[in-house]
Amino acid sequence: AKSSGRNGYQIYEQTRPERSVNKLTLLEEMRSGIENGDFFLEYQPQYNLVSGRIIGAEALVRWQHPSLGRLMPGEFIGLAEESGLIVPLGRWVMKEACRQNKAWQDAGLTPITIGVNVSARQFSDVGLVADVTAALEESGMRATYLELELTESLLIQNAEQAVELMDDFRRIGLKLAIDDFGIGYSSLVALKSFPLTRLKIDRSFIRDLDYDENDRSIARAIVSLGRELGLCVVAEGVETAKQQAFLASCRCEVVQGFHFGRPMSANKFGKLLGMTLTP
Ligand code: C2E
Ligand code: CA
Ligand code: CA
Ligand code: CA
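Residues numbered from 1 in each chain as written. Chains lettered and ligands numbered in written order. Predicted model: local features only at pLDDT ≥ 70, side-chain atom pairs only at ≥ 80, totals over all residues. Heavy atoms only, no water.

The protein has the name EAL domain-containing protein in an unreviewed UniProt entry, where Roseibium sediminicola is given as its organism.

Right, here's the structure in full:
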């Protein structure tokens, strides 16, 4: 979604014609939607390439808008960020993801790590540690099952506070992933400077693996760099069996993408997880 004019906001998706809505109205609706429970999460499975087991999920937010229907993050996260509403929205996402993951654990399903996206605005908010702590306490889920996904631009923007904040999170026991790795301007500095546990290779390096020799070299190098640094390496946006086979040959540890499963409702994900019995 993009801004158009002073108060216009374009809502578009491949599945429907573009339409213009009033930005201030949309903001007001977002504010009330957060309180009224109009947002929900979908979960996309992450698989260990060797065992074939689900080891995690990424939580992705959607908005069930009262009149516009279901909106994807690309249609409202920008507005949430520029308005600051990403802070209360992100707080809800964190709580809901922890609550749901703990519910799966309490149902006897294999414990998995739940990944939550954190935007720059949230990361620079003084309340973030309190929000994370509250989500953990209220849900009763152990910190080790929560992973924050941070982009390199976010980290570089706030480099100094970022290290301190990340150290705090690591002390609590959280996992920290660098998201969309490789497309920023300071990827290597980020790896050197921040206490990360995971590296998510950006989808753009995976997309053309089947026919682009250079992308194969880059992906292979990122996987070995990550392993060398002791990080768990995740490839995002895996869409074909050929990409999967190549990543396995590079000893990439974890995969996520449409080839393995699209983001799905909590209910569906719970059933999928239930098929993987605890050893
Ligand atoms: P992201 O963090 O890079 O999340 C992955 C996106 O790639 C998701 O789009 C997912 O549906 C999509 N995807 C997964 N596998 C494939 C694949 O094989 N092929 C292709 N073409 N796409 C794939 P989605 O759900 O539309 O989310 C878009 C972005 O919105 C996310 O990108 C993330 O930056 C942001 N976002 C989503 N949920 C949240 C949230 O709760 N908080 C914040 N701050 N940002 C969020
Ligand atoms: Ca992500
Ligand atoms: Ca990503
Ligand atoms: Ca992305």
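A.B. asks: Please provide a residue-by-residue account of a nonpolar patch on the surface, values included.
C.D. replies: On the surface, a nonpolar cluster with roughly 270 Å² of combined accessible area is contributed by Leu188, Leu225 and Leu229. Inspection of the secondary structure assignment puts leucine 229 in the loop between helix 10 (213–228) and strand 11 (232–235). (Patch = residues over 30% accessible without salt bridge, like charges linked within 9 Å, V, L, I, M, F, W, Y side chains within 5 Å. Areas by Shrake-Rupley, 256 points an atom, 1.4 Å probe, with all protein chains shown as cover. Salt bridge = Lys/Arg side-chain N within 4 Å of Asp/Glu carboxyl O. Helix = DSSP H or I, 4+ residues; strand = E, 2+ residues; numbered from the N terminus.)

A.B. asks: Describe the nonpolar core, naming the residues involved and giving the relevant values.
C.D. replies: In summary, soluble globular proteins display a tendency toward joint burial of nonpolar side chains. Core analysis: the biggest nonpolar cluster contains 83 residues, and Phe123 and Leu146 have the highest contact counts within it. For this core, the element with the most residues is helix 3 (residues 86–106), which contributes 8 residues. Filtering out sequence-adjacent residues up to four positions away, phenylalanine 123 remains in contact with Val118, Leu128, Leu150, Leu154, Leu155, Asn158, Ala162, Leu165 and Met166. (Core = buried A, V, L, I, M, F, W, Y, C linked by side-chain atoms within 4.5 Å. Buried < 20%, exposed > 50% of the residue type's maximum accessible area, 1.4 Å probe, protein only. Contact = heavy atoms within 4.5 Å.)

A.B. asks: Can you explain the layout of surface pockets? Please cite residues and give values.
C.D. replies: Computed from the structure, the largest pocket encloses a volume of approximately 1200 Å³. Lining the largest pocket are 40 residues, with Glu58, Leu60, Arg62, Pro73 and Arg203 positioned closest to its centre. For the lining of the largest pocket, the secondary-structure elements that each account for two or more residues are strand 4 (39–48), strand 5 (54–65), helix 2 (73–83), helix 3, strand 7 (113–117), strand 8 (146–151) and strand 9 (175–181). Its residues assigned to classes, the lining of the largest pocket comprises 15 nonpolar, 11 polar and 14 charged. (1 Å grid on protein atoms, 1.4 Å probe; cavity = no way out; pocket = protein on both sides within 12 Å on 5 of 7 lines; lining within 4 Å. Points joined across faces, edges and corners; volume = space filled by probe spheres on them. Nonpolar A, V, L, I, M, F, W, Y, C, P; charged D, E, K, R; others polar.)

A.B. asks: Run through helix 11 (residues 241–249), naming residues and quoting values.
C.D. replies: For helix 11, the full list of buried residues reads Gln243, Phe246 and Leu247. Along the axis of helix 11, the buried positions cluster into a sector of 100°, meaning they face one direction only. Those residues of helix 11 that are exposed and aimed more than 90 degrees away from the buried face are Lys242 and Ser249. Check the buried side of helix 11 and you find it contacts helix 9 (203–206), helix 10, strand 11 and strand 12 (254–255). (Arc of directions from axis to C-beta.)

A.B. asks: Report on helix 1 (residues 23–36), specifying residues and quantitative values.
C.D. replies: Residue pairs spaced three or four apart in an α-helix point in one direction, given the helix's 3.6 residues per turn. In this model helix 1 runs 19 Å from its N-terminal to its C-terminal C-alpha over 14 residues, within 8% of the 20 Å that 1.5 Å per residue would give. Those residues of helix 1 not exposed but buried are Lys23, Leu26, Leu27, Met30, Gly33 and Ile34. All buried residues of helix 1 project into a common sector of 125° when viewed along the axis, lining one side. Residues of helix 1 that are exposed and point over 90 degrees away from its buried face: Leu24, Glu35 and Asn36. Here helix 1 starts with a cap whose side-chain oxygen sits 2.8 Å from the backbone nitrogen of leucine 24, and that cap is asparagine 22. Downstream of helix 1 by a residue or two, glycine 37 has a phi angle that is positive, lying close to 75°. (Expected span 1.5 Å × (residues − 1). Polar contact = N/O pair within 3.5 Å; in protein donor to acceptor, adjacent residues only side chain to side chain.)

A.B. asks: Quick one: what's the story with the state of the cysteines, residue by residue and with numbers?
C.D. replies: A full pass over the atoms with the stated rule returns 0 disulfides. Cysteine cysteine 232 shares no disulfide, and the gap to the nearest cysteine sulfur, in cysteine 252, comes to 8.0 Å. Owing to a relative accessible area of 15%, cysteine 232 belongs among the buried residues under this scheme. Between cysteine 252, a cysteine without a disulfide, and cysteine 250, which holds the nearest cysteine sulfur, the sulfur-to-sulfur distance is 7.5 Å. (Disulfide = S-S within 2.5 Å.)

A.B. asks: Which residues make up the site of ligand 1, and what values go with them?
C.D. replies: Within the structure, ligand 1 sits among 23 residues, and Gln44, Arg62, Arg203, Glu239 and Phe258 are positioned closest to it. A distance of 3.0 Å is found between an oxygen atom of ligand 1 and a side-chain nitrogen or oxygen belonging to asparagine 117. One nitrogen or oxygen atom from the side chain of glutamate 239 is found 2.5 Å from a nitrogen atom belonging to ligand 1. Considered on its own, ligand 1 offers 800 Å² of accessible surface; in the complex 81% of this is hidden by protein. Those elements that provide at least two residues to the shell around ligand 1 are strand 5, helix 2, helix 3 and strand 9. Counting residues per element, the shell around ligand 1 draws most heavily on strand 5, which supplies 4 residues. Class assignment for the residues of the shell around ligand 1 results in 10 nonpolar, 6 polar and 7 charged. (Near = heavy atom within 4 Å.)

A.B. asks: Tell me about the coordination of the calcium ion (ligand 3), and please be specific about residues and values.
C.D. replies: Bound to the calcium ion (ligand 3) are the protein donor atoms Asp179 (OD), Asp180 (OD), Glu236 (OE) and Glu236 (OE), situated 2.3 to 2.8 Å from the metal. Binding-site remark: the calcium ion (ligand 3) is held by donors from one chain whose sequence spacing is D-D-x55-E. Classification of glutamate 236 as buried rests on a relative accessible area of 11%. (Donors = N, O, S within 2.8 Å, 3.2 Å for Na, K, Ca; no water.)

A.B. asks: Kindly report on empty space enclosed by the protein, identifying the contributing residues and their values.
C.D. replies: Taken as a whole, this structure holds 1 cavity of 30 Å³ or more when the rule is applied. In this structure, the largest cavity encloses a volume near 40 Å³. Every residue along the wall of the largest cavity is listed here: Val87, Gly90, Arg91, Met94, Gln122, Asp125, Leu128 and Asp131. It is helix 3 that provides the largest number of residues to the lining of the largest cavity, a total of 4 residues.

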